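# Architecture at a glance
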Amino acid sequence: MQKTAPGIFVLLWSTGFIGSKLGAPYIEPFAFLTVRFALVLPVLALIAVASGARWPRGGRAWGRAILAGAMIHGVYLGAIFYAIDNGMPAGVTALVLGLQPLMTALIAGPMLGEAIARRHWAGLALGAAGLALVVLPKLGAAASGMTPANTLICLVAVVGISLGTVYQKKHAGTTDLVSGTVVQYFGALAVVAPLSLAESWHITWSGELVFAMAWLVLVLSVGAILLLMVLIRAGSAARVASLFYLVPVATTVESYFLFGETLVPAQIAGMALVVGALLMIRERRVGTRRMPA
């Protein structure tokens, strides 16, 4: 399971863009996320109770889990959904979010004492170049929605999940995975629910929205998120973040089969670069050193 978990995570996480694309026409972004997180909570709570999971003890443990959830789920997804809803092309969004592995590596050094090897930095740079090749051919005329405000919002998403990943590794690594994730979604709701009050909450219930909501709740917010918590606990934050280079690659391949989108030679070459970058990063385990207090 340890060897297959990264691949399963990338596959599941990449379908989030597909689910969001299906449901977006029928519901506003923050209302979408509020309903999604509200549905996740009882599902995960039942799993936690049935499995006998230990709940965080003390206000500090609850506060740390809530803060991690606010950053990983609330800020990250809230910013992405808002930017795309306001015209930011999905391809540009994926390209900006491709900064996450680099951002996480920069933050992990001082916060976790992770010494990032030269091979790792080279792999991160190679992955960024490959990601650009994958995404740039998809922009075309749609790039008109790339406004400074939308770009800034996407950067907020990058900072949110990067800080959240490192914070989770540093402060919430010993919390039970299931119960800790339940608490995290309270933090996510604390971010998106107040923002949803500015929306009309007009929802057009359709088969596509129901399917998208069920998929995002069960597969993404339960399955993929629990896998992410396992990966963060087991490996360095920077190495886990490097997996996000593969997400746009997987989404591009899925879109090719599901929506008939084309694949040009540059995209295929970019995919090869991303895979090579991941192999370079994961070939040698990143060392850990203690930082001065």
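Below, the structure is looked at part by part.

Basis of the calculations
Residues numbered from 1 in each chain as written. Predicted model: local features only at pLDDT ≥ 70, side-chain atom pairs only at ≥ 80, totals over all residues. Heavy atoms only, no water. Helix = DSSP H or I, 4+ residues; strand = E, 2+ residues; numbered from the N terminus. Buried < 20%, exposed > 50% of the residue type's maximum accessible area, 1.4 Å probe, protein only. Contact = heavy atoms within 4.5 Å. Areas by Shrake-Rupley, 256 points an atom, 1.4 Å probe, with all protein chains shown as cover. Polar contact = N/O pair within 3.5 Å; in protein donor to acceptor, adjacent residues only side chain to side chain. Axes fitted to C-alpha atoms, helices over the stretch in contact; angles between N-to-C directions. Parallel < 35°, antiparallel > 145°, perpendicular 65-115°, else oblique. Left-handed = near helix turned anticlockwise from the far one by under 90°.

Within the chain, the secondary structure is distributed over 12 helices and 0 strands. Listed by position from the N terminus, the elements making up the chain come as α-α-α-α-α-α-α-α-α-α-α-α. Looking at the chain as a whole, 51% of its 293 residues qualify as buried. Intrachain contacts of the chain at a sequence separation of at least 6 include 91% that bridge at least 24 residues. Total accessible area on the chain stands at roughly 13,100 Å², and carbon and sulfur atoms take up 69% of it.

By the element assignment, Ile203 lies in the loop between helix H8 (177–196) and helix H9 (207–234). Residues Ile203 and Phe32, spaced 171 residues apart in sequence, show a C-alpha to C-alpha distance of 8.9 Å. Look past the residues within four positions of Ile203 in its chain and what remains in contact with it is Tyr26, Ile27 and Leu209.

Moving on, we get to the side chain of Gln184. Along the chain, the position of Gln184 falls in helix H8. Judged by relative accessible area, which is 2%, Gln184 ranks as buried. Polar side-chain contacts of Gln184 include one of 2.8 Å to the side chain of Gln168. Beyond its immediate stretch of four places on either side in the chain, Gln184 contacts Ala65, Ile66, Ala68, Gly69, Ala70, His73, Gln168 and Met229.

The topology assignment puts Ala266 in helix H12 (residues 265–283). Residue class for Ala266 comes out partly exposed when judged on its relative accessible area of 33%.

Turning to unusual backbone geometry, a few remarks are in order. Of note in this structure, Trp201 is not a glycine but carries a positive phi near 60 degrees. Here Trp201 is to be found in the loop between H8 and H9. Trp201 gets classed as partly exposed once you look at its relative accessible area, which sits at 35%.

Our next topic: the packing of helix H2 (residues 29–50) against H8. It is the contact of H2 with H8, at a shortest axis distance of 9 Å, that shows an interaxial angle of 160 degrees. Relative to H8, the element H2 lies roughly antiparallel. Crossing of H2 over H8 shows left-handed handedness. Facing H2, whose interface residues are Phe30, Ala31, Leu33, Thr34, Phe37, Ala38, Val40, Leu41, Leu44, Ala45, Ile47 and Ala48, H8 presents Val178, Ser179, Thr181, Val182, Tyr185, Phe186, Ala188, Leu189, Val192, Ala193, Leu195 and Ser196.

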